[in-house]
Amino acid sequence: MSDLTSRRWLASSIWTVAVALVVLLAVDVAGLFPPPASALELSMQARAELAAGRPATAIALCDQAIAVDPDLGQAYLTKSRAFLERPANDARWAAIRVLDDLLSRQGTRLLHGEAHRAKGDAYLELEHWNDALLSYTAAIEIDEHDRRAYLGRREAYSRLFELEEHPMPDWRRRPTH
């Protein structure tokens, strides 16, 4: 191969690569290769799937959202709700593990009260009254105005004790705004 031929081949190859890059950029700008979904978008899709009665799809979308942003607490809550939609007890334990993951993340502290309450709900369904009490109490310590946590704790107490024999003082106390 002569020197002139190799230069032409090199120039042609460079030109081909440049044209290919321009075409790829134009195609990407046209939206044919959409960017990966954000964690928030994935979490919102998961909520829609859960509302549509597809918990398995919701769980998969939540896993993707958590992989993108491990501190997106709403994805953990949606995933736990999706597990709770399933009838088996092992799904409740899976929900509790997801909520424990949420509680272990410092970036999700704003949702810790809701996570404790959701754990209490799961423990109630599993008939683990003491664990439910602890979870609801933790939720109340975070947000003393969480009416659902008070109601859940009352339910757990009522399962443990006779209501007439062991009244709890916070049953009648109504949280203020």
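Residues numbered from 1 in each chain as written. Predicted model: local features only at pLDDT ≥ 70, side-chain atom pairs only at ≥ 80, totals over all residues. Heavy atoms only, no water.

### Some remarks on the overall build of the chain
- Secondary structure assignment for the chain yields eight helices and zero strands.
- Counting over 177 residues, the chain shows a buried share of 36%.
- Long-range pairs, those at least 24 residues apart, make up 45% of the contacts in the chain with a sequence separation of at least 6.
- Accessible area of the chain: about 11,400 Å², with a carbon and sulfur share of 57%. (Helix = DSSP H or I, 4+ residues; strand = E, 2+ residues; numbered from the N terminus. Buried < 20%, exposed > 50% of the residue type's maximum accessible area, 1.4 Å probe, protein only. Contact = heavy atoms within 4.5 Å. Areas by Shrake-Rupley, 256 points an atom, 1.4 Å probe, with all protein chains shown as cover.)

### Let's talk about helix α4 (residues 73–84)
- With twelve residues, α4 should reach 16 Å at 1.5 Å per residue; the first-to-last C-alpha distance of 17 Å fits that figure.
- Among the twelve residues in α4, ten count as buried, and that is most of the element.
- Listed in full, the buried residues belonging to α4 are G73, A75, Y76, L77, T78, K79, S80, A82, F83 and L84.
- Lining the buried residues of α4 we find α2 (39–51), α3 (55–68), α5 (89–104) and α6 (112–126). (Expected span 1.5 Å × (residues − 1).)

### Some remarks on the pattern of salt bridges
- Throughout the structure, instances matching the rule amount to eight salt bridges.
- Between D63 and K79 there is a salt bridge, and its shortest N-O distance comes to 2.5 Å. Here the residue D63 occupies a position in helix α3, and K79 occupies one in helix α4, the gap between them amounting to 16 residues.
- You can call D63 partly exposed: its relative accessible area is 36%.
- Since its relative accessible area comes to 14%, K79 is described here as buried. (Salt bridge = Lys/Arg side-chain N within 4 Å of Asp/Glu carboxyl O.)

### Things to note about α5
- Over its 16 residues, α5 runs 23 Å from end to end, which matches the ideal 22 Å to within 8%, given 1.5 Å per residue.
- Within α5 the residues assigned to the buried category are A91, R92, A94, A95, I96, V98, L99, L102 and L103.
- Of the surrounding elements, those touching the buried residues of α5 are α4 and α6.

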